[in-house]
Amino acid sequence: MALRFYNTLSQQVEDFSPARDNTVRMYTCGPTVYDFAHIGNFRTFTFIDILRKCLRANGFRLDHVMNVTDVDDKIIRNAVAQHKSLEDYTAIYKNAFLEDCGLLRLESPERLVPATAHIDDMVEAIERLGAGNHTYSSDGSVYFRISTFPGYGKLSHNDFSGNLAGARVDVDEYEKADARDFALWKAPKEGEPAWQTPLGPGRPGWHIECSVMAIKYLGETLDIHAGGIDLVFPHHENEIAQSESLTGKPFSRFWLHAEFLMVEGQKMSKSLGNYYTLRDLVGRGYAPEAIRYLLASVPYRKSLNFTLDGLKSAAIAIERLRNFKLRLETDRYQPGHNEQLAARTAAASQAFGDSLNDDLNTAEALAAVFEYVRDANSAMDSGEFRAGNVAAAAEFLGRFDSIFQVLEPGVQAGQISDAQVESLIAERNAAKKARNFARADQLREELLQQGIILEDTKSGVRWKRK
């Protein structure tokens with residue numbers, strides 16, 4: 001099946017391929033580094049990671065830019081309150097975000113670009129918009145006049161006709177039906193950090209940041225722009241207005257948006273006590289790969305209900321897959337090749353790929369994997385699985401994990417490594433061979449204390465982490 005995505009702009013599922021060079025030019029909205037990222041944020045970033053891997057699996061190269069918003073209303077408010085510079089305040093949360101991405105096995109984009117490194121580019125773009133009569137100034141700030149862009153509303157599919165009276169808004173986020181001229185450049189309030197520029201002292205508005213950095217690195221028309229559903233309006237709508245007013249060309253061919261994450265059926269909120277950062281969950285003992293699995297398990301255009309029971313179920317699902325992988329690697333099979341099982345493996349692999357290519361339907365892709373594992377385990381139990389079937393089964397499992405990346409346990413700080421486990425098992429085997437059973441039992445206990453469970457089988461020793 002050809003790769004297809006639901007395009008928010010057209011409201012249709014469309015076949016996708018890059019415009020040129022077999023390279024996908026993609027921009028995604030990154031973190032606003034004013035606090036630790038929460039699991040709702042990571043639902044979107046996990047979707048983007050799955051998107052990256054599926055694009056590459058279809059043979060495309062990637063030129064992916066993700067911004068880091070290191071100046072906005074919240075950041076300035078918090079930095080001023082803590083008597084810190086913007087740079088010192090945001091460094092804490094940018095570094096934490098990168099650490100969290102590593103825990104969740106999220107690939108780094110080809111370019112990770114901070115807004116504050118592009119102030120001059122933003123000033124130049126605002127000046128060009130002014131030359132095109134798209135802006136006006138008031139009290140030291142510069143605003144985009146949305147009445148000059150007839151296509152305003154085409155992404156959010158809101159009809160703003162009759163609601164473009166020129167009222168201004170200074171905050172970055174506002175109500176879905178509230179179409180107002182928005183700030184491109186903000187004059188500083190007393191005590192706020194500011195840049196000295198030809199526009200006067202101040203700092204950029206949130207929306208202009210993304211337009212400028214996307215065009216600078218990827219050109220005037222992107223292949224894909226992606227982010228959370230909450231960004232459709234006003235952020236992405238405003239990006240389109242600015243960008244297309246600057247270039248006269250479509251800003252992005254495809255727009256992809258991940259739906260909201262709920263927690264226990266409710267909107268995540270600190271006041272409800274259901275607000276989780278990744279660090280909260282890992283601190284409670286949940287494995288990062290179980291969190292990743294749960295975040296990826298529901299297709300990105302469906303709302304995800306995140307529950308602690310769901311995390312436990314994710315861990316069980318991963319353990320089932322790891323046990324199957326262990327059987328493939330350690331069981332001994334009769335020689336030969338089961339043609340029927342080979343056809344079943346090929347069909348499962350095809351269904352897995354087709355599901356992902358159908359607008360990243362991760363739920364159907366996972367169903368294809370688990371139905372196959374059930375059938376393959378049954379074949380192993382009945383002796384129908386042959387040595388000649390191992391390679392294709394392992395290849396399919398590897399294909400799955402190249403996208404979902406949950407099979408290898410993460411090594412936490414202070415945790416024994418795989419190589420150390422294998423070394424101790426070898427020592428235990430030698431002790432048993434020498435009939436030093438007391439030492440063999442001691443080594444088993446040492447491994448158990450490190451969270452390693454051993455299973456002695458006819459095929460040899462299997463092991464897994466708790």
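For the structure, see preceding data.
A brief report on the enclosed structure follows. (Residues numbered from 1 in each chain as written. Predicted model: local features only at pLDDT ≥ 70, side-chain atom pairs only at ≥ 80, totals over all residues. Heavy atoms only, no water.)

1. Focus on helix α5 (residues 206-218)
The periodicity of an α-helix, 3.6 residues per turn, causes residues three or four places apart in sequence to face the same way. Taking 1.5 Å per residue, 13 residues should reach 18 Å; α5 reaches 19 Å between its end C-alpha atoms and fits that length. Every buried residue of α5 is listed here: Trp-206, His-207, Ile-208, Glu-209, Cys-210, Ser-211, Val-212, Met-213, Ala-214, Ile-215 and Leu-218. Once α5 ends, the next one or two residues include Gly-219, with phi positive near 100 degrees. (Helix = DSSP H or I, 4+ residues; strand = E, 2+ residues; numbered from the N terminus. Expected span 1.5 Å × (residues − 1). Buried < 20%, exposed > 50% of the residue type's maximum accessible area, 1.4 Å probe, protein only.)

2. Let's talk about the environment of Pro-193
Within the fold, Pro-193 resides in the loop between β9 (181-186) and β10 (203-204). Since its relative accessible area comes to 28%, Pro-193 is described here as partly exposed. Placed 190 residues apart in sequence, Pro-193 and Gly-383 show a C-alpha to C-alpha distance of 71 Å. If we skip the residues at most four places from it in the chain, Pro-193 touches Ile-76, Val-80, Leu-86 and Pro-188. (Contact = heavy atoms within 4.5 Å.)

3. Concerning empty space enclosed by the protein
In total, this model carries 1 cavity of 30 Å³ or more according to the counting rule given. Of the voids in this model, the largest cavity is the one considered here, and its volume is about 80 Å³. Taken together, Arg-43, Thr-46, Phe-47, Ile-50, Leu-295, Ala-296, Val-298, Pro-299, Tyr-300, Leu-360 and Thr-362 make up the full set of residues lining the largest cavity. Breaking the lining of the largest cavity down by element, the ones donating at least two residues are α1 (39-57) and α8 (288-297). Residues that form the lining of the largest cavity fall into these classes: 8 nonpolar, 2 polar and 1 charged. (1 Å grid on protein atoms, 1.4 Å probe; cavity = no way out; pocket = protein on both sides within 12 Å on 5 of 7 lines; lining within 4 Å. Points joined across faces, edges and corners; volume = space filled by probe spheres on them. Nonpolar A, V, L, I, M, F, W, Y, C, P; charged D, E, K, R; others polar.)

4. Considerations on the environment of Asp-441
With respect to the helices, strands and loops of the structure, Asp-441 is situated in helix α14 (residues 437-449). C-alpha of Asp-441 to C-alpha of Pro-234: the two residues are 207 residues apart in sequence and 64 Å apart in space.

5. Thoughts on the pairing of strand β2 (residues 12-15)
Sheet topology places strand β1 (residues 4-7) next to β2; 4 bridges connect them, and they run antiparallel. Across the sheet, Arg-4 pairs through a bridge with Asp-15, a residue of β2. (Pairing = 2+ DSSP bridges.)

6. Here's the deal with the sheet that holds strand β13 (residues 261-263)
Pairing within the open sheet is mixed, and its 3 strands lie in the order β14-β13-β15. With partners counted over all chains shown, the strands left at the sheet margins are β14 (266-267) and β15 (304-306), one partner each. α1 rests against β13 and β15 of the sheet, and its axis sits at about 145 degrees to β13. (Axes fitted to C-alpha atoms, helices over the stretch in contact; angles between N-to-C directions.)

7. As for the sheet that holds strand β11 (residues 222-228)
Strand order in the open sheet formed by 5 strands is β5-β4-β3-β11-β12, and the pairing between neighbours is parallel. The sheet terminates laterally at β5 (111-114) and β12 (252-258), the two strands that pair on one side only. Each strand axis lies, on average, 20 degrees off the axis of its neighbour in the sheet, ignoring direction. Pairing analysis gives 3 bridges linking strand β3 (residues 23-28) to β11, with the strands arranged parallel. Among the inter-strand pairings, Thr-28 is bridged to a residue of β11, identified as Ala-226.

8. Regarding the packing of α1 against α8
The description of two packed helices rests on the angle between their axes and on the distance between the axes. Between α1 and α8, the shortest axis-to-axis distance is 9 Å and the interhelical angle comes to 75 degrees. With respect to α8, the element α1 is oriented roughly perpendicular. Packed against α1, whose contacting residues are Ile-39, Phe-42, Arg-43, Thr-46, Asp-49, Ile-50 and Lys-53, the element α8 presents Arg-292, Leu-295 and Ala-296 at the interface. (Parallel < 35°, antiparallel > 145°, perpendicular 65-115°, else oblique.)

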